[in-house]
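What follows is each chain in one-letter form.
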Amino acid sequence: GENVEQHPSTLSVQEGDSAVIKCTYSDSASNYFPWYKQELGKRPQLIIDIRSNVGEKKDQRIAVTLNKTAKHFSLHITETQPEDSAVYFCAASRFTGGGNKLTFGTGTQLKVEL
Amino acid sequence: GAVVSQHPSRVICKSGTSVKIECRSLDFQATTMFWYRQFPKKSLMLMATSNEGSKATYEQGVEKDKFLINHASLTLSTLTVTSAHPEDSSFYICSARGSSEQYFGPGTRLTVT
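**Brief notes about the overall build of chain B**
- Each helix and strand counted, chain B has 0 helices and 11 strands in total.
- Against the 2.2 N^0.38 benchmark of 13 Å for 113 residues, chain B shows a C-alpha radius of gyration of 13 Å, consistent with a compact globule.
- With the C-alpha coordinates of chain B rotated into their principal frame, the extents come out at 40 × 25 × 20 Å.
- Counting every position in chain B, which comprises 113 residues, the buried fraction comes to 52%.
- The long-range fraction of contacts in chain B, counting pairs at least 24 apart against all pairs at least 6 apart in sequence, stands at 54%.
- For chain B, the exposed surface amounts to about 5,500 Å²; the carbon and sulfur share of it is 51%.
- The averaged location of the 9 negative side-chain charges in chain B is 6 Å from the averaged location of its 12 positive side-chain charges.

As C-alpha cells, this is what we get:
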C-alpha cells in the first residue's frame with residue numbers, strides 16, 4: 001500500500017517568513033495530493049490540492065509543488081501569519097472517481113511566532 | 001464547501017458498553033464515507049471505508065466485530081464501538097467524499113472510563 005512520509009514534524013518560523021513542508025510517497029500510481037490544516041480539536045480543512053498532471057499550484061500565499069519522478073511534493077506558505085499556526089497534513093491517493101482512500105503523512109506542527 | 005456533521009461531539013462511557021457515532025453529509029450524497037481514528041498529536045489513521053448498501057472495508061488490524069459500521073443511506077454512516085475499553089478512547093473523525101475532495105466531520109471525542 002501507499003506510505004507517506006512528512007518532514008519536519010515541527011516547524012517554527014517568524015511572522016512574515018516562509019514555511020516549507022515536504023512529503024514523499026511510495027505508490028507511483030498515486031495521482032491526487034491534498035494538504036489539510038488542522039487546528040487543535042478541530043476537523044482537518046483542505047487548504048490546497050494538486051493532481052499529478054500539473055507540477056505546481058498556487059492559491060494566494062499557499063503553493064504546492066509536485067515532482068512525480070522523485071515522488072515528492074511540498075507545501076509552501078509565504079508571508080506567514082500567526083493564524084497559520086496549526087498542524088498540517090499531506091496526503092496521497094489514487095483518484096479514481098470512486099471511493100479513493102487517503103493515506104496521510106504524520107503531520108507538521110507549524111508555529112508562527114510574532 | 002460541503003458540510004459533514006458528526007454526532008455526538010463528545011461522549012463518555014463506561015467499560016463494556018457500546019457507543020454509536022453518526023456521520024452525516026448534509027448537502028450532498030456520499031456513496032463512500034471513511035472513518036478515521038486520531039490519537040493526540042498524531043496523524044489520522046484510516047479504520048475503514050464505509051460503502052452505501054454494502055459491507056465496510058476494514059484496514060488491516062482493525063477489528064470489524066468491535067467497530068461496527070453501517071452505511072444505511074447516501075447521507076448517513078454510523079460507527080458503533082462495541083464493548084468499549086479505555087484503550088478505545090480516542091478522537092474519531094469521519095469524512096465523506098464529494099465530487100472530488102473529501103470533507104471531514106468535526107470529530108467525536110470518546111472517553112471510556
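**Describing the packing of aromatic side chains**
Residues and elements named next belong to chain A.
- Throughout the structure, instances matching the rule amount to 12 aromatic pairs over all chains.
- For the ring pair Tyr36 and Phe104, a centre distance of 5.7 Å and an interplane angle of 50° mean the geometry is tilted. One end of the pair, Tyr36, is in strand β4 (residues 32-38); the other, Phe104, is in strand β10 (residues 103-104), and 68 residues separate them in sequence.
- On the basis of relative accessible area, Tyr36 is assigned to the buried category, the value being 0%.

**Remarks on the sheet that holds strand β8 (residues 76-81) of chain B**
All names here are of chain B.
- An order of β1-β3-β8-β7 is seen for the 4 strands of this open sheet, with the pairing classed as antiparallel. Looking along the sheet, the strands with just one partner apiece sit at the ends: β1 (4-7) and β7 (67-73). Here the average twist between neighbouring strands, direction ignored, is 15°.

**With respect to the nonpolar core**
- In this structure, Phe67 and Leu110 of chain B are the most contacted members of the largest nonpolar core, which totals 26 residues.
- Of all elements in the fold, only β2 (10-13), β3 (19-25), β4 (32-38), β5 (44-51), β7, β8, β9 (90-97) and β11 (108-112) of chain B reach the threshold of two or more residues within this core.
- Apart from residues no more than four positions distant in its own chain, Leu110 of chain B is found in contact with Val11, Cys13, Val19, Val81, Asp88, Ser89, Ser90 and Tyr92 of chain B.
- Ranked by size, the runner-up nonpolar core spans 23 residues in total, among them Ile21, Trp35, Ile77 and Tyr88 of chain A.

**A few points about the interface of chain A and chain B**
- If you look at the interface, chain A gives 20 residues, while chain B gives 20 residues.
- Contact with chain B buries surface across chain A, with Arg43, Lys101 and Phe104 of chain A losing the most and accounting together for 33% of the total.
- Scanning the region where chain A abuts chain B turns up 1 salt bridge.
- Of the charged contacts in the structure, one is a salt bridge between Glu59 of chain B and Lys101 of chain A, with a shortest N-O distance of 3.0 Å.
- Looking at the side of chain A that touches chain B, the elements that each hand over two or more residues are β4 and β5 (45-51) of chain A.

The rules we used
Residues numbered from 1 in each chain as written. Chains lettered and ligands numbered in written order. Predicted model: local features only at pLDDT ≥ 70, side-chain atom pairs only at ≥ 80, totals over all residues. Heavy atoms only, no water. Helix = DSSP H or I, 4+ residues; strand = E, 2+ residues; numbered from the N terminus. Rg over C-alpha atoms; globule rule 2.2 N^0.38 Å. Buried < 20%, exposed > 50% of the residue type's maximum accessible area, 1.4 Å probe, protein only. Contact = heavy atoms within 4.5 Å. Areas by Shrake-Rupley, 256 points an atom, 1.4 Å probe, with all protein chains shown as cover. Lys, Arg positive; Asp, Glu negative; His and termini not counted. Charge placed at Lys NZ, Arg CZ, Asp CG, Glu CD. Phe/Tyr/Trp six-rings, centres within 6.5 Å; stacked < 30°, edge-to-face > 60°. Pairing = 2+ DSSP bridges. Axes fitted to C-alpha atoms, helices over the stretch in contact; angles between N-to-C directions. Core = buried A, V, L, I, M, F, W, Y, C linked by side-chain atoms within 4.5 Å. Buried area = accessible area lost by both parts, 1.4 Å probe. Salt bridge = Lys/Arg side-chain N within 4 Å of Asp/Glu carboxyl O.

Any functional reading would require information that these geometric values do not contain.
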